Amino acid sequence: MSVSIKSPKEIELMRESCRLLAIVHDEVRKIVRPGITTKDLDRKASEVIRDLHGTPNFLHLYGFPATICASVNEHVVHGIPSDKTVLKEGDIIGIDMGLIWQGYHSDAARTYGVGEISKEDRMLIEVTKQSFFEGVKFAKAGNHLYDISSAIQNYAESFGYGVVRDMVGHGIGKALHEDPEVPNFKLPGKGIRLQAGMTLAIEPMINAGTWQVEIDGWKCVTADGRKSAHYENTILITDGEPEILTLYRDGREV
Ligand code: MG
């Protein structure tokens, strides 16, 4: 396993790639509403990325056919946008996407409610998001990678939720998926020691019920049919507090 340490110049490029991605997420979020299709969201993302002179990085990666992953309700991740998938009031939708800017990748995911959603679903979305921030508290030089993983797992499971095991976060930089893998659950050992200049995509995928999923090609759904949420940012390890690169500089959510 080789984990890349980014130079100051590379970090600047990562920051810009991630800043642009935050803009794209913001633009797509604005059109999430009942009646719109996931293909409409994909078209919007594609248009904004190209307007910003970026390149979508999910498109054609491992054969994925779209710019965004749009995963509705029991779909955990990797949902393929479709003209037939019409969002309706009460749905939740996970939107995962990234872009390349001057050779550097960014990656972030958000889960939104469509119109009015239930209190339970709002809670699932909020806890998933907060589990990311619980993990990020440990994303500091000198700590170990699985400190992040354990914090995410402990927080999510304290609400009775299931932490998906089949997919994990990852290093990111010149490639979308670099070493190391960043699990959202504890593995034996401590994981690598974190160093300033590492850039990681941390992405809890949290299910309302069981952690188990059923996978068939791109299709990935919860085994019990209950809903699932996803939240992800690309972050930079520093000697002090981590920088969350795919949030706006003022820390504002997008
Ligand atoms: Mg990712």
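Before reading on, note that the structure itself is shown above.
Residues numbered from 1 in each chain as written. Predicted model: local features only at pLDDT ≥ 70, side-chain atom pairs only at ≥ 80, totals over all residues. Heavy atoms only, no water.

Peer 1: Can you lay out the layout of surface pockets for me, pointing to particular residues and giving the numbers?
Peer 2: Taken as a whole, the largest pocket holds about 350 Å³ of empty space. Classifying every residue of the lining of the largest pocket gives 11 nonpolar, four polar and four charged. The volume enclosed by the second largest pocket comes to roughly 190 Å³. Ala-70, Val-72, His-75, Gly-79 and Ile-80 are the residues nearest the centre of the second largest pocket, which is lined by 15 residues in total. Put simply, the parts of the chain that give the lining of the second largest pocket at least two residues each are strand 2 (68-72) and strand 11 (219-222). Here the lining of the second largest pocket is composed, by residue class, of six nonpolar, seven polar and two charged. (1 Å grid on protein atoms, 1.4 Å probe; cavity = no way out; pocket = protein on both sides within 12 Å on 5 of 7 lines; lining within 4 Å. Points joined across faces, edges and corners; volume = space filled by probe spheres on them. Nonpolar A, V, L, I, M, F, W, Y, C, P; charged D, E, K, R; others polar. Helix = DSSP H or I, 4+ residues; strand = E, 2+ residues; numbered from the N terminus.)

Peer 1: Can you tell me about the pattern of salt bridges, naming the residues and giving the values?
Peer 2: Under the definition given, this model contains 13 salt bridges. For the salt bridge of Glu-12 with Arg-15, the shortest nitrogen-to-oxygen distance reads 2.3 Å. Residue Glu-12 and its partner Arg-15 are both found in helix 1 (residues 8-29); the two are separated by three residues, about one turn of the helix. On the accessibility criterion, Glu-12 (45% relative accessible area) is partly exposed. Here Lys-137 ties to Glu-134 by a salt bridge, and the two come within 3.1 Å at their closest N and O atoms. The exposure class assigned to Lys-137 is partly exposed, which follows from its relative accessible area of 49%. (Salt bridge = Lys/Arg side-chain N within 4 Å of Asp/Glu carboxyl O. Buried < 20%, exposed > 50% of the residue type's maximum accessible area, 1.4 Å probe, protein only.)

Peer 1: Tell me about the coordination of the magnesium ion, and please be specific about residues and values.
Peer 2: Bound to the magnesium ion on the protein side are Asp-107 (OD), His-170 (NE2), Glu-203 (OE) and Glu-232 (OE), at distances that span 2.1 to 2.3 Å. Mapping the donors of the magnesium ion onto the primary sequence gives the spacing D-x62-H-x32-E-x28-E. Within this pair, whereas His-170 is found in strand 6 (residues 169-171), its partner Glu-232 is found in the loop between strand 12 (228-230) and strand 13 (233-236), the two being separated by 62 residues in sequence. Its relative accessible area of 4% is what places His-170 among the buried residues. (Donors = N, O, S within 2.8 Å, 3.2 Å for Na, K, Ca; no water.)

Peer 1: Explain the sheet that holds strand 6 residue by residue, including any values.
Peer 2: Ordered by their spatial adjacency, five strands build an open sheet running 7-6-8-13-14, and the pairing between neighbours is antiparallel. Here the strands that pair on one side only, and so sit at the sheet edges, are strand 7 (178-182) and strand 14 (243-244). Where strand 6 lies against strand 8 (residues 199-202), two bridges are found, and the strand directions are antiparallel. Along strand 8, the bridge assignment pairs His-170 with Ala-201. Its contacts with the sheet place helix 1 against strand 8, strand 13 and strand 14, and it is angled at close to 155 degrees to strand 13. (Pairing = 2+ DSSP bridges. Contact = heavy atoms within 4.5 Å. Axes fitted to C-alpha atoms, helices over the stretch in contact; angles between N-to-C directions.)

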